[in-house]
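A structural walkthrough
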Amino acid sequence: MGKRAFLFIASLILIVGITINGADKKKEFKIPYEKYVLANGLNVILNVDHSNPIVSVYIRYHVGSNRETKGRTGFAHLFEHLMFNESQHVPQGEYFKKIQTAGGTLNGSTNNDGTNYFETVPKNALEMALWMESDRMGFLMPKVNEKTFLTQVNVVSNEKRQNYDNRAYGNSGYVMDKLMYPENHPYNWQVIGSLEDLANATLQDVANFHDKYYQPANATLVVAGDIDVKQAKKWIEKYFGELKSGPKPAPLTKMPVTLNETKKAYYVDNLANQATFEMEFPTVEEYSKDSYALRYLGELLAGGKKSPLYKVVVEEKKIAPQVMARNNSMEIAGTFGISGTPYPGKNMGDFENAIKEGLARFEKEGFTDKDLERLKTGIEVRFYNSIQSTMGKARTLGDLNTYAGSPDYLNTDLNNSLTVTKDDIWRVYNKYIKDKNYVALSVVPKGKEDLAAPGSKLYTIAEENTNNQTVKKTVAPLNIPPVASKFDRNIEPKKGPDPSVKIPQIWTAKTANGIQIYGITKNAVPLVQFSIVLKGGMMLDKPEKLGTAYLTARLMNEGTKGKTPVELREALQDLGANVSINAGDESMSISGSCLVSKLPDVMKIAKEMMFEPRWDEKEFATIKRSTIQSLKRMETSPASIASDAFSKLVYGKDNILASSAMGTTKSIEAINVDDLKNYYENYFSPSVAKITIVGDITKANAIPVFNLLKEWKAKEVKMPVVPAVVSAKPGIYFIDVPNAKQSEFRVGHVSLAATDPDYLKLSVINHKLGGDFNGILNQILREQKGFTYGARSGFSGSNYDGIFTASAPVQTTATYETAQIMRDEINKYCKSISPEYLDMVKSTLIKGSALRFETLANLSSMLGPIVAYNYPFDYIKKQQDFIRKLTPEEHTKYADKFIHPDKLIYLIVGDKATQYEKLKSLGLGDPILIDKDLNTVNN
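A short tour of the structure in this document, coming up. (Residues numbered from 1 in each chain as written. Predicted model: local features only at pLDDT ≥ 70, side-chain atom pairs only at ≥ 80, totals over all residues. Heavy atoms only, no water.)

Digging into the overall build of the protein
Across its full length, the protein carries 32 helices and 27 strands. Relative to the 2.2 N^0.38 estimate, which gives 30 Å for 939 residues, the radius of gyration of the protein is 28 Å and therefore close to what a compact globule would have. With the C-alpha coordinates aligned to their principal axes, the bounding extent of the protein is approximately 75 × 70 × 65 Å. In the protein, the share of contacts with a sequence separation of at least 24, taken over all contacts with a separation of at least 6, comes to 82%. Per element, the accessible surface of the protein, about 37400 Å² overall, is 49% carbon and sulfur. Of the side-chain charges in the protein, 117 are positive and 107 negative, and the distance between the mean point of each set is 3 Å. (Helix = DSSP H or I, 4+ residues; strand = E, 2+ residues; numbered from the N terminus. Rg over C-alpha atoms; globule rule 2.2 N^0.38 Å. Contact = heavy atoms within 4.5 Å. Areas by Shrake-Rupley, 256 points an atom, 1.4 Å probe, with all protein chains shown as cover. Lys, Arg positive; Asp, Glu negative; His and termini not counted. Charge placed at Lys NZ, Arg CZ, Asp CG, Glu CD.)

Have a look at this one:
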């Protein structure tokens, strides 16, 4: 190799065999790439795509929670946080700031088997991104100190509270893993770790973990997008080539589990108001031959109305609104799970027995070759969807290299899915499921322990002491000296000229009966997405029957006059397509996605769904019960309680704007099928319809497809007059959730409608306050204080009055201080903004335009405001012109105009016993104790 630091490995075009509708065809799946390895062991993969002026950088470290040990859990996830803080040459807080002000996005994630860091930037910022990624790979530890360490320990602790401890059923995964895996098995603990382990961790523990796993030889770097390969290689060698690397950690051995007995447990969830049940069988690791057959087995058992579990559990015994089955194969082991949330009052033992009856039905009735082939037809569409973005391609290449040994494995991976046979599925069913031991968990509400499945033993989860939530301790310093470099890494690379960004051209047309069509042609992948949007939605519901539009849309998905629900689903599967009808606050939509070659056939099915609904009474009963169950589950979620009550405080609890499209349990109970038919007859009209389509299709080819709707007869649809908003008086409102681990904050007031000429200014004016990670609220509450996993603010609007909201879930002990911070920072924000802050906002929003038009979903979102609010086609350009010309003085003027500190409603959902009294000294008047329906509660 001489002095060359890298080795050229491969360039790949993937060709796999695929069977569609019984015919063997060769499908060519392409992800061209070049792979080489630096002298220090870093795997590098390059992918060139000049279709957009952007680049994605993706680094996968082969270290997840499976590399931790008992008593030292949560380290991999903690590092995900620490590596966004500071490194030797990139100061505190600059990772998010530099990437976002360059117009990019960034994040990271950790799972059982790995950790990744990724960013997508305009192509002129690639060198900067590589400089920063290399700095935290090779120069992190000299800057890890007591302050940053403890702050991030507290941030992670609040992430755990938010996503696990302060959420109904949040600890079910923890209990299931404890039941399934032996104490020292790497999957026995959760990725986030335990609060106790995090609190006890030392800097030396962290340093030891870092030195072993966060090194070049244990990582894969992927650069994908609009790159000059020669230049990219030079930069990669410059920034990563000199990094020191230890020995590559030995791969983990496969550790599948064998259960000697069935283990059943239950735990009492104080936030749950309904019981749930899940059972898991041990299976095999990812990429093993059996894992592919197990994936299909889950679909065949519970994937649709034809499946045996659905027929027994949902249709015949009516125990639950749905049942789910899926295989979860990971790097060293796997499980096959079956789960559901039965209707209130149902015993989990009855649900368990129904599952067993469904499995017996599967053994007796089996499945057909056609059933299996239908499951395979969507593979091509899923593949193209996964590589629409540069990050999608980068992630695919990087993860295959890490876990399968090479990006080349994509060919094998797809073929392994496509070549699964009926015999394979029966084999894995008999090997892993039939008459095998399993673990089972019943999660029951407090006082409903009798709902647990018979034979279940109580599993006790230790309760956190909310009076001592902040980790405060003296940590022995590391005193790691600076790491030497061959060049001055303190000098940030200069970015080249901003790339030219073209806003996609919108074409328009009309169907033969006058429906307006808006389209954008993009031919990067052979896919299309379309949506037929009808104005109205919930706004046309009768006040006493809110949820009518929602139920109408759901039932229209359940078959047609000529097709049963099963036949409709199979017809779409045969085409590898998706069509769904949904209703929201202000619209109903018929949306679909498919290969462009299948669009005419898919549109015929969509037309049938639109004009020949089945109005199936049996399906309606199931949907109605399911909706009520979902609404009841939300009644105990602190986050849902906060959002729902805040809307009522801002709009007035009787104003329809405060309502949810799903309705309420009372309103749903009152609705029957005739109500749905009446809604359809009165409001389903082309007079309120518009069409969008994006993807690999021209205007000329799209018009004939949508002319299938030409017989649709128009009728007059009048939009109702919405009463004027009457908000609650400003002040503090408190809803008690006893022993809550966090307090949910919603702070704000009524604001502009999206149709207001000033609305597009609002996101710009709010941006520095709470529009992204660099926002003032998040920087203080998360990065400085460690009180929360995230804090944001923003304006939301529609055809009617909108809301300004600042929100954050914070640890219980930080409730009072958080209220102070929100009050003070919002006040200050309305009085001035520094030129530096405004420059950051301008740079972030203007340069970020390069990322706005990459995928079909991006393009559909671009058309959304045009359809919903009649925005001009150049609304993005007009907003950018406003941003460019905005001065600090004008920013302050608009902030003062649109954000009103004296009108703020503060809603806090948390533990009254420990937090309520303190709020009286906040200076905003005595807090008002209310319930979730805004009724005053005697204190």
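Once you've had a look at it, read on.
Side note on helix α15 (residues 409-418)
Where α15 is concerned, the buried positions are Leu410, Asp413, Leu414, Ser417 and Leu418. For α15, the arc enclosing every buried residue in end-on projection is 130°, short of the 170-degree limit, so these residues lie on one face. (Buried < 20%, exposed > 50% of the residue type's maximum accessible area, 1.4 Å probe, protein only. Arc of directions from axis to C-beta.)

Focus: the pattern of salt bridges
One side chain can pair with another of opposite charge once the charged atoms of both are near each other. Counting across every chain of the model gives 56 salt bridges. The partner of Glu492 in a salt bridge is Lys98, and the shortest N-O contact between them spans 2.6 Å. With Glu492 in the loop between β15 (457-458) and β16 (507-510) and Lys98 in helix α2 (residues 94-101), the pair connects residues that are 394 residues apart, well separated along the chain. Between Asp874 and Lys878 there is a salt bridge, with its nearest N and O atoms 3.9 Å apart. Judged by relative accessible area, Asp874 falls into the partly exposed class, the value being 33%. Residue class for Lys878 comes out partly exposed when judged on its relative accessible area of 48%. Through salt bridges with shared partners, a single ionic network connects Glu94, Lys97, Lys98, Glu492, Lys495 and Glu836. (Salt bridge = Lys/Arg side-chain N within 4 Å of Asp/Glu carboxyl O.)

Some words on the sheet that holds β16
Sheet strands associate in pairs through backbone hydrogen bonding, adopting either a parallel or an antiparallel arrangement. Strand order in the open sheet made by the six strands is β16-β17-β21-β18-β20-β19, with mixed pairing throughout. Unpaired on one side and paired on the other, β16 and β19 (578-583) mark the two borders of the sheet. Ignoring strand direction, the axes of neighbouring strands in this sheet form an average angle of 15°. Pairing between strand β17 (residues 516-521) and strand β21 (residues 689-695): six bridges, direction parallel. The residue bridging Ile517 from the neighbouring strand is Ile691, located in β21. Each of β19 and β20 (587-595) is contacted by helix α17 (residues 548-556), which is oriented at about 165° to β19, the strand it contacts most. (Pairing = 2+ DSSP bridges. Axes fitted to C-alpha atoms, helices over the stretch in contact; angles between N-to-C directions.)

Points about the packing of helix α11 (residues 348-365) against helix α16 (residues 422-433)
Contact geometry of α11 with α16 gives a least axis separation of 12 Å together with a crossing angle of 145°. The crossing of α11 and α16 is left-handed. Taking contact as the criterion, the partners of Leu359, Phe362 and Glu363 in α11 are, on α16, Trp426, Tyr429 and Ile433. (Left-handed = near helix turned anticlockwise from the far one by under 90°.)

A few points about the environment of Thr110
You can see Thr110 is positioned in strand β7 (residues 105-110). Along the sequence, Thr110 and Val191 sit 81 residues apart, while their C-alpha atoms lie 7.3 Å from each other. At a separation of 2.7 Å, a polar atom in the side chain of Thr110 contacts the side chain of Glu80. (Polar contact = N/O pair within 3.5 Å; in protein donor to acceptor, adjacent residues only side chain to side chain.)

Quick look at the packing of aromatic side chains
Two numbers describe a pair of aromatic rings. These are the distance of the centres and the angle of the planes. All told, the structure shown has 36 aromatic pairs when counted by the stated rule. Between the aromatic rings of Phe209 and Tyr213, the centroid separation amounts to 5.1 Å while the plane-to-plane angle is 55°, which identifies the pairing as tilted. Here Phe209 and its partner Tyr213 are both found in helix α7 (residues 203-213), four residues apart, which amounts to about one turn of the helix. With respect to class, Phe209 is no different from Tyr213; both count as buried. (Phe/Tyr/Trp six-rings, centres within 6.5 Å; stacked < 30°, edge-to-face > 60°.)

Quick look at the sheet that holds β15
In spatial order, the strands read β12-β13-β11-β14-β10-β15; together these six strands make up an open sheet with mixed pairing. The open sheet terminates on both sides in strands that have one partner only, identified here as β12 (324-329) and β15. Summarising the sheet, strand β11 (residues 276-282) and strand β13 (residues 334-340) pair through six bridges and their orientation is antiparallel. When the sheet's bridge partners are listed, Glu278 is paired in β13 with Ser339. Running at roughly 170° to β12, helix α9 (residues 289-302) makes contact with β12 and β13 of the sheet.

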